[in-house]
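Summary of structural features
The residues making up each chain are set out below.
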Amino acid sequence: MSLLDFSSDVFIAAFFLYSGSFMLYTIAIMGRKWSGRKPEEHTARWGRIAFTVSSLGLICHLAYFFTRWAGSGHIPVSNMYEFMTFLSMMVMVAFTVIFSIYRKIILGVFAVPISIIVMAYAAVFPQEVQPLIPSLKSIYLNIHVTLAALGESFFAVGFAAGLMYLLRTVDFASKEKNDRKQQRLVEFTLFSIIVIIGFLGSVFAFRGAGYETVFVRSNVTIDSPGQGDSTIEKVSYKMPPIVAPYHSEIERFQPFLGMSEPLFEAPSWMNGVNAGRKFNTVLWSLISGLLLYGILRLVARKPLGKAIHPVLDGIDENDLDEITYRAIAIGFPIFTLGALIFAMIWAQVAWGRFWGWDPKEVWALVTWLFYSAYLHLRLARGWQGRKSAWLAVLGFLVVMFTLVGVNLVIAGLHSYAGTD
């Protein structure tokens, strides 16, 4: 067995261990009422088991990282698959650090799934080892990416704790206008998470079924009057085409639920076959998310926030507020070093300039400014509790757009990503 084969095996083992630990953390919290033991004894016992399993998962994840490094000859952070797997590992590192300090079992119910979702998202991308382009062969890149990911992983834990704070403190029984607004915002946050899960579920379902539809489009470039070059663009859809690329033709169509053609064509401003494919993916994500959300609502028979709220009974809201702040306070200087300082040094080495207003650079700066504002408002203006929690939730949404939106949607020097 080669090192790369072994790394793939232990990565899968890490995924299942994390999934198992999430179920054990859930048992530790949810099962305390029916265990027959004192709630504190039940939670502590199952919490220790869950932490042991998640730690074993982290060991497997670290084994994946170092064996892939050894097998590929370079640190595995050079494409979206490698970066996302590394980020998910750093989320578990950050969770382990924060858990070791505060020993809050409930944190595992919210933080571990973030790592699981990021790992699943990584599997969307090509997993083959790719040779490095010259600009990526730099020690400064290694430092830049690893520190930036570690800082973002602490922001992820801060997001989990902030969301827990909101679920703990929002009065879901109240009919007051401000409370109803808070209820809707929490529910929308949960729905957004479910949309991501729905996207992953639909991707793997259609991939497992071997679905594929292919579109082609002819482009004519006019060099001079009466002369021009024609090129053919081709794109493969891995999900049934609700929307076709603008001004394209079907080369091969695989029917789905009676669909013999796309429902409509992408608008002209979405010029490009890949733009139509991405729009189609967004539509399927919303459809899958709405379906999954509807099923969960039917099972719970109430808004999800209201259903989760009782699970956090007895949790000290001040502890959750403290965890949110501490996680972000730890992550901020690490992110500053990685995403800004070493990123600028690498940019100077690779491209001969410290700053170029590339989209990824701009959004890294936006992320840094947002968390700078968070810390300023927290320390200088006394924004604690609910205000602090909402900033932690919004901040991680900015992080995810920087990681996903910029890489997949906005073209730039940092956009090295592509799906299957």
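The shown structure was predicted, so the numbers you read here are calculated from the model rather than taken from an experiment.

Calculation rules
- Residues numbered from 1 in each chain as written.
- Predicted model: local features only at pLDDT ≥ 70, side-chain atom pairs only at ≥ 80, totals over all residues.
- Heavy atoms only, no water.
- Helix = DSSP H or I, 4+ residues; strand = E, 2+ residues; numbered from the N terminus.
- Buried < 20%, exposed > 50% of the residue type's maximum accessible area, 1.4 Å probe, protein only.
- Salt bridge = Lys/Arg side-chain N within 4 Å of Asp/Glu carboxyl O.
- Contact = heavy atoms within 4.5 Å.
- Axes fitted to C-alpha atoms, helices over the stretch in contact; angles between N-to-C directions.
- Parallel < 35°, antiparallel > 145°, perpendicular 65-115°, else oblique.
- Left-handed = near helix turned anticlockwise from the far one by under 90°.
- Nonpolar A, V, L, I, M, F, W, Y, C, P; charged D, E, K, R; others polar.
- Polar contact = N/O pair within 3.5 Å; in protein donor to acceptor, adjacent residues only side chain to side chain.
- Phe/Tyr/Trp six-rings, centres within 6.5 Å; stacked < 30°, edge-to-face > 60°.
- Lys NZ or Arg CZ within 6 Å of the ring centre and 35° of its normal.
- Domains from an automatic or database assignment.
- Expected span 1.5 Å × (residues − 1).

**Thoughts on the environment of Thr 52**
Among the secondary structure elements, Thr 52 is positioned in helix H2 (residues 39-72). You can call Thr 52 partly exposed: its relative accessible area is 45%. Measuring from C-alpha to C-alpha, the distance between Thr 52 and Leu 17 comes to 9.9 Å, with 35 residues separating the pair along the chain.

**Describing the pattern of salt bridges**
Per the stated rule, a full pass over the model turns up 8 salt bridges. Lys 238 serves as the salt-bridge partner of Glu 212, at 3.6 Å between the closest nitrogen and oxygen. Here Glu 212, found in the loop between helix H6 (177-208) and strand S1 (213-224), pairs with Lys 238, found in the loop between strand S2 (227-237) and strand S3 (243-244); they are 26 residues apart in sequence, far enough to count as distant. Using a relative accessible area of 36% as the deciding quantity, one classes Lys 238 as partly exposed. We note a salt bridge from Asp 321 to Arg 378, for which the minimum N-O separation is 2.9 Å. Here the residue Asp 321 occupies a position in helix H9 (residues 317-351), and Arg 378 occupies one in helix H10 (residues 359-379), the gap between them amounting to 57 residues. Overall, Asp 321 belongs to the buried group, its relative accessible area being 9%.

**Overview of the environment of Met 89**
With respect to the helices and strands, Met 89 occurs in helix H3 (residues 80-102). Under the relative-accessibility criterion, Met 89 is labelled buried at 2%. For Met 89 and Phe 204, which are 115 residues apart along the polypeptide, the C-alpha to C-alpha distance reads 21 Å. If near-sequence neighbours (up to four positions away) are discounted, Met 89 is found in contact with Leu 58, His 61, Leu 62 and Phe 65.

**Some words on the packing of helix H5 (residues 139-169) against H9**
When two helices pack together, their arrangement is captured by the angle between the axes and the distance separating the axes. Relative orientation of the contacting elements H5 and H9 amounts to 160 degrees, with a least axis distance of 7 Å. It follows that H5 is roughly antiparallel to H9 by the angle criterion. Crossing handedness for the pair H5 and H9: left-handed. For the contact of H5 with H9, the residue count by class is 27 nonpolar, 8 polar and 4 charged.

**With respect to the side chain of Thr 213**
Mapped onto the secondary structure, Thr 213 falls in strand S1. Assessed through its relative accessible area of 0%, Thr 213 is described here as buried. Only 3.1 Å separates the side chain of Thr 213 from the backbone nitrogen of Gln 254, close enough to count as a polar contact. Contacts of Thr 213, omitting those with residues within four sequence positions, involve Val 235, Ser 236, Tyr 237, Pro 241, Arg 252, Phe 253 and Gln 254.

**What about the packing of aromatic side chains?**
Summed over all chains, the structure comprises 26 aromatic pairs. With 6.4 Å between their ring centres and 65 degrees between their planes, Tyr 25 and Phe 99 make a pair best called edge-to-face. Note that Tyr 25 is positioned in helix H1 (residues 3-30) and Phe 99 in helix H3, a separation of 74 residues in sequence. Just as Tyr 25 is buried, Phe 99 falls in that class too. Over the face of the ring belonging to Phe 51 we find Arg 103, whose NZ or CZ atom lies 5.9 Å from the ring centre. The ring of Trp 383 carries Lys 387 above its face, with NZ or CZ at 4.8 Å from the centroid.

**Things to note about the domain arrangement of the protein chain**
Per the domain assignment, the segments making up the protein chain are domain 1 (3-172 + 303-409) and domain 2 (213-289). Between domain 1 and domain 2, the C-alpha centre-to-centre distance is 35 Å.

**Section: H10**
Because an α-helix completes one turn every 3.6 residues, residues spaced three or four positions apart along the sequence face the same direction. Taking 1.5 Å per residue, 21 residues should reach 30 Å; H10 reaches 30 Å between its end C-alpha atoms and fits that length. Every buried residue belonging to H10 is among Lys 360, Glu 361, Ala 364, Thr 367, Tyr 371, Tyr 374, Leu 375, Leu 377 and Arg 378, and all of these are buried.

**Observations regarding unusual backbone geometry**
Residue Arg 103 is not a glycine yet carries a positive backbone phi of 55 degrees. Its location among the elements puts Arg 103 in the loop between H3 and helix H4 (106-122). The exposed category is assigned to Arg 103, whose relative accessible area is 52%. The phi torsion at Arg 301 lies on the positive side, around 60 degrees, for a residue other than glycine. Looking at the secondary structure, you find Arg 301 in the loop between helix H7 (273-300) and helix H8 (304-308).

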